[in-house]
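Residue-level structural notes
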Protein chains: 2
Amino acid sequence: MNSVKECELEYARDLDQRDPLAHFRDKFVNGDQELIYLDGNSLGRLPRNTNERLKQVIEKEWGERLIRSWNENWFAAPERIGGKIAELLGAKQSEVIIADSTSVNLYKLGLAAINKQSTRTKVITDNINFPSDIYILQGIIKLADRDCSLEIIESEDGIHGPQQQIIDAIDEETAFVCLTHTAFKSSYTYDIELITRKAHEMGAMVLWDLSHSVGAVPVDLQKANVDLAVGCTYKYLNGGPGAPAFLYVREDLQEELSNPVSGWMGQKNLFEFGLNYESEKGIRRFLTGTPPILSLCAIEPGLDLIREAGMMRIRQKSVELSEYLIKLWQHYLEPLGFRLNSPLEIDNRGPHISLGHDCAHQIDLALIQEKNVLPDFRAPDNIRLGIPPLYTSFEDVYKAVRAFEQVVREERFVKYKLGSSIVT
Amino acid sequence: MNSVKECELEYARDLDQRDPLAHFRDKFVNGDQELIYLDGNSLGRLPRNTNERLKQVIEKEWGERLIRSWNENWFAAPERIGGKIAELLGAKQSEVIIADSTSVNLYKLGLAAINKQSTRTKVITDNINFPSDIYILQGIIKLADRDCSLEIIESEDGIHGPQQQIIDAIDEETAFVCLTHTAFKSSYTYDIELITRKAHEMGAMVLWDLSHSVGAVPVDLQKANVDLAVGCTYKYLNGGPGAPAFLYVREDLQEELSNPVSGWMGQKNLFEFGLNYESEKGIRRFLTGTPPILSLCAIEPGLDLIREAGMMRIRQKSVELSEYLIKLWQHYLEPLGFRLNSPLEIDNRGPHISLGHDCAHQIDLALIQEKNVLPDFRAPDNIRLGIPPLYTSFEDVYKAVRAFEQVVREERFVKYKLGSSIVT
């Protein structure tokens, strides 16, 4: 049992006092100080510096410098920003670039991988993967020049990834394994190194989706010798709504893989306007079209905040926040029918926490409407609590849990009808 | 011969006085009143209203409303903005949507078309098409489940599109014809209706790239019964650098075509998170990933200006501007070795004008460095003059031509070394 003291507001405030990252909270725009925002795993907050940077991009670079800004700034931005993301991933700067959406990047790299693995017929994923990744893989196997199949390995409890079953399933027929590092729903987090090692032993490749871990969970792609990865910039990286995604291709693979969506931004000497597609060298060959500059440039200032805080300190606080949340769940919420839909053990858990409840959707609506608490709902019974370390306080977590408690204890959720909730 | 009077500054000013669209110039940010900007065909200017709208998107919708803005505004934006573009194209609102880049959209629709035309083996394009389109087509034919080939029909003079040769080449083997309506270099403009009719007679489909005509040349997709189209929003639509593109699929084809890049934004009931991809009904099925919201929302205010001005008035002024420019070219520039690299006849000419010169690249650099005139250079010998009707005055055209003349007459270009010029 937890001591009562640990479950009081005063204790949360003490934790905030001692938090070495507490000052980062003020680096984000926060017009509504009363809002408890628990959806930064879906859309990160707006960094103040991003607001400033965007004024410059819009008014100065577009408004005044116009087309000249391509040479002066924009053309190099996908590599420059990608290089900063590489730092967070233990990758070389030349291995990461910003391009398109996560789904498009997954398509490009997945199709490139299946084309390279020309005698293999199996792609492995799991059923707790983000559905878009599964849809993309379903599309890819149809386009292979041979009969290929997608093996979707099932989680036993819907919370834990079927890590051992995946390792057992990787065989000499496996073209590549494609998994999301931290699961979007449960926050279960795979051991990248372990799975990658088994894949390589069997001659298979790996393609990791880092969307729900990048910027919150340390990753070392180089140490694990990962082949391919993609990820999202608008969650823990705070790059803004729908900001373009990143892709990683290990250096020695770059010349061996072809981008199937072969547009001019990946062309060698693109301004020579030759009529035959010839891949650019290096990571730029995985570009396709002209990047959306406003959304692209919005990524950089948030990324600089992550680099300033440092991945080790971020993970440290992330662990403390989530352990604290679980402690409060046990004390206040478990007795009210809330289930922990995330792994209890910290080594397999990413930055967010999911709570299950039979009336989860109604509770979510009541929290938003009546308590100014903003988590998100994931069907069928899941409320996700995103608690990004850079701007979430222990007091936020405390107040959120007490709001959850009140909504159920006072039966405030009962009147809410179920509608659709659009959150990403 | 032109009368001397028509080639004097006073005449240009008279034309501006009588221009019914002159007042639109002040609806765009213009910090440097002395700059003659001739590259709006590559990157349109910043509308003042866009600057305001972006402040709202960034500070209010992202900064304050956060994830709630998906429901409140963003989720519907690709269709809402697409519907406004549809008005300019003579299409139904339900036939156009904003997604990805032009190259990615061309890939999606081209691959969908070749998959549908399952017994046909030929794709037709021309050698004056934008190279990215050709690269994408080269990628697509590799992915077909049968041997397919790309026939690149050559322009005889590099200026005029080989319209009759294309019509003659369309046969019962042709899966689809993919052309850019207005050529990026010469401004040659095809007869959409004529080519589409021949394609349909032979059972082939058409995929038009409208990047260099949308917002400047009236298009009637419905009248021509066009199957598929894509286009860019950052040229005459003034949507901002790299703003996401649009795609058009004729209504009766939407259910027949599959999006090969099958991501969650095109999924039916996406928030049910089913594990099997099932296409959404209608135009949304051609979406893939989460759209870049800042760049997406930047499109709408510029589009509203185009709608306010009206396509007929825009084309009228566009014709007048380009005829005036050609008149000045004949008087001032032809004697100095400038060639007209665009069609002389107005019916086959789009909104921009290309001038050729043996020292074109050096002249381009001198204009930028010494004259504050900003056209763009296209290898090997081409200077493009973009003269978008909404913010280009006749005086701009006059001053630009005189600057071209001075740079050559005074041999100011000689000292410029050739480097690379990054413009899109």
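The sections below set out a description of the structure shown in this document. None of these values were measured; they are calculated from a predicted model. (Residues numbered from 1 in each chain as written. Chains lettered and ligands numbered in written order. Predicted model: local features only at pLDDT ≥ 70, side-chain atom pairs only at ≥ 80, totals over all residues. Heavy atoms only, no water.)

1. Quick notes on the relation of the copies chain B and chain A
With an axial shift of 0.0 Å and an RMSD of 0.0 Å, the rotation relating chain B to chain A amounts to 180°. Classification of the inter-copy transformation places it as that of a two-fold axis. Here 100% of the interface residues in chain B have copies in chain A that are interface residues too; the copies meet face to matching face. (Least-squares fit on C-alpha atoms with pLDDT ≥ 70 in both. Contact = heavy atoms within 4.5 Å.)

2. Concerning the interface of chain B and chain A
Residue-level contacts link 79 residues of chain B with 79 residues of chain A. Of the roughly 7,000 Å² buried between chain B and chain A on both sides combined, carbon and sulfur atoms contribute 70%. Summed over the shared surface of chain B and chain A, the result is 2 salt bridges. Note that Glu 59 of chain A is salt-bridged to Lys 55 of chain B, the shortest N-O span being 3.9 Å. Summed over the shared surface of chain B and chain A, the result is 28 residue pairs in polar contact (both at pLDDT 80 or more). (Buried area = accessible area lost by both parts, 1.4 Å probe. Salt bridge = Lys/Arg side-chain N within 4 Å of Asp/Glu carboxyl O. Polar contact = N/O pair within 3.5 Å; in protein donor to acceptor, adjacent residues only side chain to side chain.)

3. Observations regarding the pattern of salt bridges
All names here are of chain A. The final tally for this structure, using the stated rule, is 76 salt bridges over all chains. In this structure, Asp 381 and Arg 339 form a salt bridge, with 3.0 Å as the shortest nitrogen-oxygen distance. Remark: Arg 339 occurs in strand E9 (residues 339-340) and Asp 381 occurs in the loop between strand E12 (376-378) and strand E13 (382-385); sequence separation between them is 42 residues. Given the relative accessible area of 22%, Asp 381 is considered partly exposed. A single salt-bridge network, built from bridges that share partners, covers Arg 80, Lys 84, Glu 87, Glu 300, Asp 304 and Arg 307. (Helix = DSSP H or I, 4+ residues; strand = E, 2+ residues; numbered from the N terminus. Buried < 20%, exposed > 50% of the residue type's maximum accessible area, 1.4 Å probe, protein only.)

4. Observations concerning the sheet that holds strand E2 (residues 96-99) of chain A
Adjacent strands of a sheet form backbone hydrogen bonds with each other and so pair up, either parallel or antiparallel. All names here are of chain A. The strand order across the open sheet built from 7 strands is E2-E8-E7-E6-E5-E3-E4, with neighbouring strands paired in mixed fashion. If you trace the sheet from one side to the other, it starts and ends with E2 and strand E4 (149-153), each paired once. Taken pair by pair, the neighbouring strands of this sheet meet at an average axis angle of 20°, ignoring direction. This element, helix H4 (residues 77-89), spans E2 and strand E8 (245-249) of the sheet and lies at about 125° to E2. (Pairing = 2+ DSSP bridges. Axes fitted to C-alpha atoms, helices over the stretch in contact; angles between N-to-C directions.)

5. What about unusual backbone geometry?
Geometrically, the link from Ala 379 of chain A to Pro 380 of chain A is a cis peptide bond, its omega value of 0° lying close to zero. Inspection of the secondary structure puts Pro 380 of chain A in the loop between E12 and E13. One non-glycine residue, Asn 269 of chain A, lies in the positive phi region at around 50°. As for its placement among the helices and strands, Asn 269 of chain A is situated in the loop between helix H10 (251-254) and helix H11 (293-297). What makes Asn 269 of chain A partly exposed here is its relative accessible area of 42%. Phi is positive for Ser 187 of chain B, close to 80°, though the residue is something other than glycine. When you line up the elements, Ser 187 of chain B lands in the loop between strand E5 (174-180) and helix H8 (192-201).

6. Side note on the packing of aromatic side chains
The description of an aromatic ring pair rests on the distance of the ring centres and on the angle between the ring planes. Inspection of every chain in the model, using the stated rule, returns 31 aromatic pairs over all chains. Taken together, the aromatic side chains of Phe 130 and Phe 184 of chain A together with Trp 264, Phe 271 and Phe 273 of chain B make up a single cluster linked through ring pairs. The aromatic ring of Phe 24 of chain A is capped on one face by Lys 27 of chain A, whose charged end is 5.6 Å from the ring centroid. Positioned over the ring face of Phe 75 of chain A is Arg 284 of chain A, at 4.4 Å from the centre of the ring. (Phe/Tyr/Trp six-rings, centres within 6.5 Å; stacked < 30°, edge-to-face > 60°. Lys NZ or Arg CZ within 6 Å of the ring centre and 35° of its normal.)

7. Some words on the pairing of strand E3 (residues 122-126) of chain B
Remark: a regular strand shows side chains that alternate across the two faces of the sheet. Residues and elements named next belong to chain B. Burial analysis of E3 places 5 of its 5 residues in the buried class, the great majority of the element. The alternating pattern of E3 places Lys 122, Ile 124 and Asp 126 on one face and Val 123 and Thr 125 on the opposite face, and all of these are buried. Of the pairings in the sheet, the one linking E3 to strand E4 (residues 149-153) comprises 5 bridges and is parallel in character. Bridge pairing links Ile 124 to Glu 151 in E4. Pairing analysis gives 3 bridges linking E3 to E5, with the strands arranged parallel. Across the sheet, Ile 124 pairs through a bridge with Val 177, a residue of E5.

Read these as spatial facts, not as claims about activity.
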